[in-house]
Amino acid sequence: MARSDNPQSPTTGLTRRATLKWISAIGSALAISTTLPACGTDAEPGIHAPWPEVTLDPVTAPGYGTDPELITPAPVPWPRLMSTAQLAATATLADIIVPAEDNVPAASAVGVVEFIDEWISAPYPTQQEHRGLLVAGLQWLDDEASRRFTSRFVELTQAQQIEIVDDLAAAVEPVPATLQLPRLFFSGFRTLVVGAFFTTPEGVADLGYQGLSLI
């Protein structure tokens with residue numbers, strides 16, 4: 001859900017952050033769907049950037065593919081796999097979904113980017129499926145930004161970034177074939193961001209959750 005210059009919906013009066021709280025309360029724990037529609041099916045060429053065909057090299061770092069050693073753990077349980085460019089794009093998109101508001105920090109300020117990097121680096125089948133979707137999705141953002149504005153996503157103005165994100169967040173049916181996979185990526189990415197943010201101390205405080213204080 002993209003940031004808006006007008007923080008309230010003209011029809012509901014809900015702030016963007018209030019809407020995110022509601023989404024988090026009912027569904028932030030849902031798994032990311034990795035049932036992908038066929039790439040390129042009925043795609044209308046030229047309407048959006050094509051979904052990139054991403055081939056991820058197998059990871060051969062020591063210890064990768066095994067459960068972490070929890071008795072005498074290493075500083076990190078497995079190598080983190082996101083590149084510097086991917087981390088920057090992740091931070092930019094995460095902060096559009098959960099921006100700083102009032103005294104509440106943005107997603108990137110409370111470790112959400114590190115959480116996503118850790119998540120898609122984990123040596124388990126589900127996380128590795130998510131890795132493929134997120135890496136391709138971040139590449140698609142750059143490709144679409146280049147198609148529209150001849151620049152990378154992180155280098156766009158905020159208005160240009162939101163123009164792209166609004167296409168991904170819009171609940172318009174039927175979904176154009178050229179946006180099926182990008183919207184699947186964005187839905188999964190948003191689930192990770194919202195779920196991670198609202199499990200941080202700052203996110204729990206922002207929700208106003210009182211359960212822990214009552215124990």
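The notes below deal with the structure included here.

Scoring rules and cut-offs
- Residues numbered from 1 in each chain as written.
- Predicted model: local features only at pLDDT ≥ 70, side-chain atom pairs only at ≥ 80, totals over all residues.
- Heavy atoms only, no water.
- Helix = DSSP H or I, 4+ residues; strand = E, 2+ residues; numbered from the N terminus.
- Buried < 20%, exposed > 50% of the residue type's maximum accessible area, 1.4 Å probe, protein only.
- Contact = heavy atoms within 4.5 Å.
- Salt bridge = Lys/Arg side-chain N within 4 Å of Asp/Glu carboxyl O.
- Core = buried A, V, L, I, M, F, W, Y, C linked by side-chain atoms within 4.5 Å.
- Phe/Tyr/Trp six-rings, centres within 6.5 Å; stacked < 30°, edge-to-face > 60°.
- Axes fitted to C-alpha atoms, helices over the stretch in contact; angles between N-to-C directions.
- Parallel < 35°, antiparallel > 145°, perpendicular 65-115°, else oblique.
- Left-handed = near helix turned anticlockwise from the far one by under 90°.
- Nonpolar A, V, L, I, M, F, W, Y, C, P; charged D, E, K, R; others polar.

### Here's the deal with the overall build of the protein
Right, on to step 1. Looking only at helices and strands, the protein features 7 helices and 0 strands.
Right, on to step 2. Ordered by position from the N terminus, the helices and strands of the protein form the series α-α-α-α-α-α-α.
Right, on to step 3. Buried residues in the protein amount to 39% of all 215 residues.
Right, on to step 4. Partitioning the contacts of the protein with sequence separation of at least 6, the portion at a separation of at least 24 is 69%.

### What to know about the pattern of salt bridges
Right, on to step 1. With the rule as written, the count across this model stands at 6 salt bridges.
Right, on to step 2. The salt bridge involving Arg147 is made with Glu144; its shortest N-O contact spans 2.8 Å. In this pair, Arg147 and Glu144 are both assigned in helix H4 (residues 125-149), 3 residues apart and thus about one turn of the helix distant.
Right, on to step 3. The buried category is assigned to Glu144, whose relative accessible area is 0%.
Right, on to step 4. The residue Arg148 makes a salt bridge to Glu144 at a minimum N-O spacing of 2.7 Å. Taken together, the residues Arg148 and Glu144, both in helix H4 and 4 residues apart, mark about one turn of the helix.

### A few points about the nonpolar core
Right, on to step 1. In terms of nonpolar packing, the biggest core is built from 40 residues, with Leu93, Leu141, Phe153, Phe185, Phe189 and Val193 touching the most fellow members.
Right, on to step 2. Listed by contribution, the elements that provide at least two residues to this core are helix H2 (84-97), helix H3 (112-121), H4, helix H5 (158-169) and helix H6 (180-197).
Right, on to step 3. Tallying contributions element by element places H6 first for this core, with 10 residues.
Right, on to step 4. Apart from the residues lying within four places of it in its own chain, the contact partners of Phe189 are Thr90, Leu93, Ala94, Ile97, Ile116 and Leu134.

### Some remarks on the packing of aromatic side chains
Right, on to step 1. By the definition in use, this model includes 3 aromatic pairs.
Right, on to step 2. Aromatic side chains Phe185 and Phe189 sit 5.8 Å apart centroid to centroid with 50° between the ring planes, which places their arrangement in the tilted category. Of the two residues, Phe185 and Phe189 are both situated in helix H6; the distance of 4 residues between them amounts to about one turn of the helix. Of the two residues, Phe185 and Phe189, both sit in the buried class.

### Observations regarding the packing of H4 against H6
Right, on to step 1. Two elements in contact, H4 and H6, have axes separated by 9 Å at closest approach and are oriented at 115°. In terms of orientation, H4 lies roughly perpendicular with respect to H6. At the point where H4 passes H6, the crossing takes the left-handed sense. On H6, the residues that touch Leu133, Leu134, Gly137, Leu138, Trp140 and Leu141 of H4 are Pro182, Leu184, Phe185, Phe189 and Leu192.
Right, on to step 2. Grouping the amino acids of the contact of H4 with H6 by side-chain chemistry returns 10 nonpolar, 1 polar and no charged.

### Quick look at unusual backbone geometry
Right, on to step 1. Positive phi outside glycine occurs at Asp102, with the angle close to 55°.
Right, on to step 2. Inspection of the secondary structure puts Asp102 in the loop between H2 and H3.
Right, on to step 3. Although it is not a glycine, Thr150 sits at a positive phi angle of roughly 55°.
Right, on to step 4. Among the secondary structure elements, Thr150 is positioned in the loop between H4 and H5.
Right, on to step 5. Classification of Thr150 by relative accessible area gives exposed; the value is 69%.

It is worth stressing that arrangement in space is one thing and function is another; only the former is reported here.
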